[in-house]
Amino acid sequence: MLNNIIAVLNTTLRLATPLIFAALGGVFTERSGVFNIALEGIMLIGAFTAMAFSYLFGNPWIGVLAAMGAGMLIAAIHAVISIEFKANQVVSGTAINILAVGLTGFLLGTMFEHAGQSPSVNKVAVLPIPGIKEIPVLGDIIANHIPFVYLALLLVAVSYWVLWKTPFGLRIRAVGEHPAAADSVGINVKKTRYIAVILSGLLAGLGGASLSVGLLGIFVKEMTAGRGFIALAAMIFGKYTPQGALLAALLFGFADSLQMLAQTIGIDFIPRQFLIMFPYVLTILALAGVIGSATPPAAGGEPYDQEE
Amino acid sequence: MKSLSKLIVPVIAVIFGLLFGAVFMVIIGKDPILAYQVLWNSSFGSMRGFFTTLVNTTPLIFTGLAVAFAFRTGLFNIGGDGQFLVAYTATAWIGFIIQLPWFIHIPLALLAGILAGGVWGGFAGYLKAKLGVHEVITSIMMNYISLYLTSFLIGGPLMKPGPIPATPRIFASARLWRIPGSRLNLGFLLALLAALLIYYLLWKTTIGYEVRAVGLNPKGAENGGINIARNMVLAMFISGALAGLAGSVQVMGLQHRAYQPFGLIGLGFTGIAVALLGKNHPAGIILAAFLFGILSRGANEMQSMAGVPKDLIEIIQAIIIFFMAAEYVFTLILRKKKKKKGVVANVE
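Residues numbered from 1 in each chain as written. Chains lettered and ligands numbered in written order. Predicted model: local features only at pLDDT ≥ 70, side-chain atom pairs only at ≥ 80, totals over all residues.

The next subject is the overall build of chain A. Secondary structure assignment for chain A yields 12 helices and 2 strands. Secondary structure elements of chain A occur, N-terminal to C-terminal, as α-α-α-α-β-α-β-α-α-α-α-α-α-α. For a compact globule of 308 residues, the expected C-alpha radius of gyration is about 19 Å, and chain A comes in at 19 Å, within 12% of that figure. Counting only C-alpha atoms and orienting by the principal axes, one finds that chain A spans roughly 60 × 45 × 40 Å. Within chain A, the fraction of its 308 residues that count as buried is 53%. (Helix = DSSP H or I, 4+ residues; strand = E, 2+ residues; numbered from the N terminus. Rg over C-alpha atoms; globule rule 2.2 N^0.38 Å. Buried ≥ 20, exposed ≤ 12 C-beta atoms within 10 Å, placed from the backbone.)

Here it is in structure tokens:
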């Protein structure tokens with residue numbers, strides 16, 4: 001029993017990690033007033049890039065760096081189209097999501113003849129935290145993970161600090177709430193939004209890498225399987241804050257972890273589909289105001305036109 | 001003249017999509033001319049190929065219309081995949097649970113899809129109208145709820161015992177007539193009919209007038225006495241019903257049973273591309289759906305005969321959407337040129 005509880009909580013952290021990265025990315029871009037439903041596609045491209053570079057160089061960390069770069073690049077496309085060209089941000093995001101599926105499938109098929117998945121590549125090694133690891137129970141849950149897990153937790157704190165304790169964070173929140181007012185006090189709306197969107201790409205790319213060279217050591221076609229959208233849900237359920245997104249991601253990871261455990265030990269009084277569905281239902285309830293409330297930034301999704 | 005100029009941007013978008021696709025092929029050392037020949041021949045080289053292309057076109061006309069109809073009210077229905085799946089399941093259920101005369105069974109099975117898809121889409125419209133919740137977020141969540149709900153139903157209560165997770169086959173009385181020896185069925189005609197109906201609804205009825213008025217100028221529409229909330233729910237219901245019909249026709253014309261889904265099929269997302277390329281007009285949507293039907297029909301043959309991974313089709317699709325999305329830039333350039341010539345710009 002205790003072993004099962006430890007296993008579920010340990011898995012919760014691992015499964016929540018990709019979601020935390022992408023949800024933090026979501027917080028930055030949404031706070032700046034740009035919708036980014038492309039998180040899903042960016043994660044997928046990040047996952048592929050990390051695998052490809054780990055395969056080519058034999059070092060997963062090179063893969064991680066490359067995934068961050070690829071994520072920024074793809075996010076930059078979204079930024080140009082939605083900030084510069086003032087195109088519909090949902091349309092641009094959809095295009096990126098379709099592109100990601102096509103591009104990763106295309107490259108996978110080109111690099112490795114047998115389509116469907118990549119060969120195993122070197123993945124990031126588990127890094128036990130000495131001292132904490134020796135604590136019974138707790139050590140087994142939190143201190144025996146791949147570095148991605150610790151990095152994700154650290155980035156939650158960093159993101160909170162950046163968004164609420166620095167002038168740069170204030171600027172991001174200002175252009176998301178009231179771009180005209182921000183503009184009138186001399187904040188460069190476009191530039192701030194560019195940085196926020198590209199930052200979200202970096203984080204989503206990292207989330208993708210944590211999946212391919214972190215958890216699995218392999219790339220599987222369309223392996224993100226909606227995790228970018230769950231991250232979006234976590235961000236909303238977490239009220240567009242880093243700490244909220246963390247808690248939501250942990251909750252969603254917990255549901256997923258329970259579902260896996262239920263499958264392995266053969267419990268079926270709750271169909272597994274209902275456990276997987278849980279994050280989405282919860283987010284709708286939050287949006288509908290049934291539990292808590294989730295109010296998005298006021299200028300979300302609207303391109304800013306200086307001349308107006 | 002005016003309608004001809006509307007074609008410019010879509011045509012440019014498609015040309016660039018194919019050009020980019022060619023560049024990708026050259027990069028990996030494949031012959032783009034051969035690949036595009038294979039693509040062309042797979043649809044136009046034989047009657048059978050052409051029929052299959054029309055089969056692929058059918059659901060895309062429905063989901064394209066679905067996205068376009070919501071667009072006309074200023075709403076974005078990204079939930080086509082979820083609406084497709086609930087309707088797919090509901091139609092299969094009506095199809096196998098009871099045997100009826102075909103002239104009752106077929107309308108009933110279609111109605112089940114319309115209602116299931118409509119309610120699924122209408123819910124997003126309702127949350128938007130009552131609480132201001134962005135319909136895109138609701139639709140995304142509803143997509144996944146639909147996926148897991150239908151996966152549970154088809155793999156559980158509705159499943160026919162056996163090795164394949166699927167419902168029992170629907171009765172012949174709920175199947176759509178097929179051209180003998182092919183998979184092309186009445187569903188294609190239903191899709192064309194739906195396009196005609198949506199055209200009529202949008203431009204010849206009060207409902208359509210109100211829906212478009214809300215989309216063009218919500219404040220003005222409200223001042224003119226149009227109930228915005230009611231129209232939002234209605235538009236999302238109709239939009240969801242259209243995407244649902246894609247699912248119904250898939251069961252009644254093609255598969256004759258519902259298979260347990262393992263992921264979103266993406267017909268709703270492709271519908272966004274179809275609607276954009278077709279400029280939200282029923283006629284344009286039929287053409288755009290046909291184009292994407294050709295691409296999806298030829299994808300596998302391109303892979304086996306020209307060695308190009310079939311995923312290239314999605315890359316081309318994405319590039320077409322990018323170009324359509326950035327239309328603003330084109331119109332800006334055109335406007336500037338016209339201004340230079342001293343002609344008053346004609347902006348829609």
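Our focus in this paragraph is the overall build of chain B. Summing up its helical and strand segments, chain B has 15 helices and 0 strands in all. Taking 2.2 N^0.38 as the reference for a compact globule, 348 residues should give roughly 20 Å; the C-alpha atoms of chain B span a radius of gyration of 21 Å, in line with that estimate. For the C-alpha atoms alone, the extent of chain B along its principal axes is close to 70 × 60 × 35 Å. Taken across its 348 residues, chain B has 55% of its residues classed as buried. Taking the contacts inside chain B whose residues are at least 6 apart along the sequence as the reference set, 78% of them involve residues at least 24 apart. (Contact = placed C-beta atoms within 7 Å.)

Looking now at helix α2 (residues 39-57) of chain A. Residue and element names in this part refer to chain A. Along its 19 residues, α2 runs 26 Å from first to last C-alpha, staying within 8% of the 27 Å computed at 1.5 Å per residue. In terms of burial, α2 is a largely internal element, 16 of the 19 residues being buried. Positive phi appears at Gly58, one or two residues downstream of α2, with a value of about 75 degrees. (Expected span 1.5 Å × (residues − 1).)

It is worth spelling out helix α9 (residues 189-216) of chain A at this point. All names here are of chain A. Between its first and last C-alpha atoms α9 spans 40 Å; for 28 residues at 1.5 Å apiece the expected length is 40 Å, and the two agree. Its maximal kink placed at Ser210, α9 deviates by approximately 35 degrees. With 22 of 28 residues buried, α9 is to be regarded as a mostly interior element. Phi for Gly217, located one or two positions after α9, is positive at around 70 degrees. (Bend = angle between axes of the 7 residues up to and from the residue.)

Every contact between the two is made by 37 residues of chain A and, on the other side, 37 residues of chain B. For the side of chain A that touches chain B, the secondary structure elements donating two or more residues are α4 (89-111), α10 (227-237) and α12 (272-287) of chain A. For the side of chain A that touches chain B, the element with the highest residue contribution is α4 of chain A, accounting for 14 residues. Counted by class, the side of chain A that touches chain B contains 25 nonpolar, 11 polar and 1 charged residues. (Nonpolar A, V, L, I, M, F, W, Y, C, P; charged D, E, K, R; others polar.)

Residues and elements named next belong to chain B. Packing of helix α3 (residues 32-44) against helix α13 (residues 282-306) leaves a shortest axis separation of 8 Å and a crossing angle of 130 degrees. Viewed along their axes, α3 and α13 adopt a mutual orientation that is oblique. Relative to α13, the crossing made by α3 is right-handed. For the pair formed by α3 and α13, the contact residues are Leu34, Ala35, Val38, Leu39, Ser42 and Ser43 on the first element and Ile294, Arg297, Gly298, Glu301, Met302, Met305 and Ala306 on the second. A class-by-class count of the residues in the contact of α3 with α13 yields 8 nonpolar, 3 polar and 2 charged. (Axes fitted to C-alpha atoms, helices over the stretch in contact; angles between N-to-C directions. Parallel < 35°, antiparallel > 145°, perpendicular 65-115°, else oblique. Left-handed = near helix turned anticlockwise from the far one by under 90°.)

Attention now goes to unusual backbone geometry. Despite not being glycine, Ala225 of chain A has its phi angle at roughly 45 degrees, a positive value. Tracing the chain through its elements places Ala225 of chain A in the loop between α9 and α10. Taking the number of C-beta atoms within 10 Å as the measure of exposure, Ala225 of chain A has 16 and is therefore partly exposed. One non-glycine residue with positive phi stands out, namely Lys279 of chain B, at about 50 degrees. Note that Lys279 of chain B resides in the loop between α12 (267-277) and α13. Judged by C-beta crowding, with 20 C-beta atoms within 10 Å, Lys279 of chain B ranks as buried.

The next point concerns the nonpolar core. Taken as a class, soluble globular proteins show a tendency for nonpolar side chains to be buried jointly. Core analysis: the largest hydrophobic core is formed by 215 residues, its most contacted members being Ile20, Ala23, Ala234 and Ala249 of chain A together with Leu65 and Ile321 of chain B. By residue number, the principal contributor to this core is helix α11 (residues 228-255) of chain B, which donates 15 residues. If we skip the residues at most four places from it in the chain, Ala249 of chain A touches Ala16, Leu19, Ile20, Ala23 and Ala234 of chain A. (Core = buried A, V, L, I, M, F, W, Y, C linked by C-beta atoms within 7 Å.)

Take the confidence of the model for chain B next. Residue and element names in this part refer to chain B. For chain B, mean pLDDT is 91; residues scoring 70 or higher make up 93% of the total. Helix α1 (residues 2-6) is the least confidently modelled element of chain B, averaging 66 in pLDDT, while helix α5 (residues 80-97) averages 97, the highest of any element. In this model, residues 343-348 is a region of pLDDT below 50 whose contacts with residues beyond four sequence positions or in other chains number 6 contacts. For this predicted complex, the interface score ipTM comes out at 0.87, alongside a pTM of 0.90. (pLDDT = per-residue confidence, 0-100.)

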